[in-house]
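# Inside the fold
Here's the letter readout for the chains.
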Amino acid sequence: MKSALLLAVLFLQAAAPPVQSADFHYFRYMRQVAAPGAGQACAVLDAETFAHASASLKDLRLYEGARTATPREVSYAITLSQPAQPDSSPARVVNLGLRQGSIVFDLEMPQRPYTEVALDLSGQDYIATATVSGSTTQGGAATALGQFTLFDLTSQHLSRNSTLHLQESTFPWLHVVLAASPAPGTRGFKATPQMVLGATVPPSREAQTLYTTAVATTSIANHERQSIATFALPARVPVERVSFEIAPGFKGNFSRDVHIFDRPAGTPATSGESLAGAIQRVRMTQAGREIRQEQLSVRATIGSNLQDAATVEVVVENGDDTPLPITSVRLEMRERNLCFNAPSAAPLTLYYGDPGLAAPVYDYARIFSTAARTAVARLGAEQTNPEYRPRPDTRPLTERYPDLLWIALLAVICALGFVAIRSSRALPR
């Protein structure tokens, strides 16, 4: 009995996976990291890093003097480019009324820098001019901030724009005079104060999310009423936006629906996920007002590429219109940064490509602050580690030899049965 129990314990101990330690000989890929000097620095991670590193970048290791006998591991933090303030804040509309045929109102602005104000306006088929001024107190001395054309061209199958694009400002109060009239060739619109439903303030443009290209193509196929771009997306490369480039000589206005399909590579076209959006451009002069509106990107978080390579199709619906002269389509990811405290101006080496490693736990990652002054570091070209050798197979015995578990269990059962038979013979009749 004791022998059988001892056999079971030894088997379970052999099946337990050991904790792996980092060794730069087991990393398949490496690249130099150049920092401008000692101090906090950040380098942008590219799509190659995501494709060749383990999931969630858990096997990234940064070394100083990696080729020496005693390399020093450098702590790091991975940060995601994102606004430093909320996505949007409300602006309170006060003193709303009508004056000399124009709609007038004040906006109480949030206490932070801003570059845009999105007005919530009801109605359609109109063109308006918004004259905006800012002041430190309500009704106080005003500073002119400019005139802006707002419009809704629904009947012309074009877009609408109700956003004031300002220079970065911090005025607590904005005064808006809105002169609106029907778009040429339309009827029924009448400007009233009730069309002003509210206002929101997006993050300052200086705090907007940054993107970097994951995959791009210039091969655009036109099929019947569609323009299609197809991508082979490597595994683990994130995608959060699709952007389009239009030929510089094209001056036409357009508004086209976009559909994005993604599926694991090698699977039928009917599988996977789909997303929808639109791209548009409006450049015209109507009723003496100049209209400028352009949107050439679509937010798209693609999910099938988390652990497997994916096939992505971006489809522009042309309808009966001539296909757009699209010169390139880009799948983009939010900019991720590898941030660290450079010990000196000497080059560091980033290693990755060891799936046996767990994610590191650094104090630096917990206390890192983007508010501190940060220099720009650069990643060198990806290289194959010349000292690479495969990590010894340290998987549990049950994974390396799946039949061994059943053999061990049968052996234990047989041993227990043998012990039980011998014990039963020793019992008195």
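I will try to describe carefully the structure that is included in this document. It should be emphasised that the depicted structure is a prediction, and the values quoted were computed from it without experimental measurement. (Residues numbered from 1 in each chain as written. Predicted model: local features only at pLDDT ≥ 70, side-chain atom pairs only at ≥ 80, totals over all residues. Heavy atoms only, no water.)

Let us now look at the state of the cysteines. Going through the model one piece at a time under the given rule, you end up with one disulfide. What pairs with C42 in a disulfide is C339, and their sulfur atoms sit 2.0 Å apart. Looking along the S-S bond of the C42-C339 disulfide, the torsion reads about 110°, which is the right-handed sense. Note that C42 is positioned in strand β2 (residues 39-44) and C339 in strand β26 (residues 336-342), a separation of 297 residues in sequence. (Disulfide = S-S within 2.5 Å. Helix = DSSP H or I, 4+ residues; strand = E, 2+ residues; numbered from the N terminus.)

With that settled, the discussion passes to the nonpolar core. One finds L60, F244, I260, V314 and F340 to be the most contacted residues of the largest nonpolar core, which totals 56 residues. Other than its neighbours up to four places away in sequence, F244 contacts V258, I279, L296, V298, V314, V316, I326, S328 and V329. One finds I103, F105, L174 and M195 within the second-largest nonpolar core, a separate group that totals 27 residues. (Core = buried A, V, L, I, M, F, W, Y, C linked by side-chain atoms within 4.5 Å. Buried < 20%, exposed > 50% of the residue type's maximum accessible area, 1.4 Å probe, protein only. Contact = heavy atoms within 4.5 Å.)

If you walk through the whole model with that rule in mind, you get seven aromatic pairs. Plain terms: the ring middles of F250 and F254 are 6.3 Å apart, the flat faces sit at 35° to each other, and that makes the pair tilted. Judged by relative accessible area, F254 falls into the buried class, the value being 2%. It is R241 that lies over the ring of Y211; its NZ or CZ is 3.9 Å from the centre. (Phe/Tyr/Trp six-rings, centres within 6.5 Å; stacked < 30°, edge-to-face > 60°. Lys NZ or Arg CZ within 6 Å of the ring centre and 35° of its normal.)

One non-glycine residue, S56, adopts positive backbone phi at about 65°. As for its position among the elements, S56 is in the loop between α2 (47-52) and β3 (61-64). One non-glycine residue, R236, lies in the positive phi region at around 70°. Classification of R236 by relative accessible area gives partly exposed; the value is 25%.

A few words on empty space enclosed by the protein. According to the stated counting rule, one finds one cavity of 30 Å³ or more in the structure shown. As for the largest cavity, its lining consists of I220, S227, I228, A229, F244, V314, V316, I326 and V329. When contributions to the lining of the largest cavity are tallied by element, the ones reaching two or more residues are β18 (226-233), β24 (310-317) and β25 (326-334). In terms of residue count, the dominant contributor to the lining of the largest cavity is β18 (three residues). Here the residues of the lining of the largest cavity sort into eight nonpolar, one polar and no charged. (1 Å grid on protein atoms, 1.4 Å probe; cavity = no way out; pocket = protein on both sides within 12 Å on 5 of 7 lines; lining within 4 Å. Points joined across faces, edges and corners; volume = space filled by probe spheres on them. Nonpolar A, V, L, I, M, F, W, Y, C, P; charged D, E, K, R; others polar.)

Another point: the sheet that holds β2. Taken in spatial order, the four strands line up as β5-β26-β2-β28 in an open sheet, and their pairing is mixed. A single partner strand is all that each edge strand has here, and the edge strands are β5 (76-80) and β28 (375-376). Where β5 meets β26, five bridges bridge the pair, whose relative direction is antiparallel. Within the sheet, the bridge partner assigned to I78 lies in β26 and is L338. (Pairing = 2+ DSSP bridges.)

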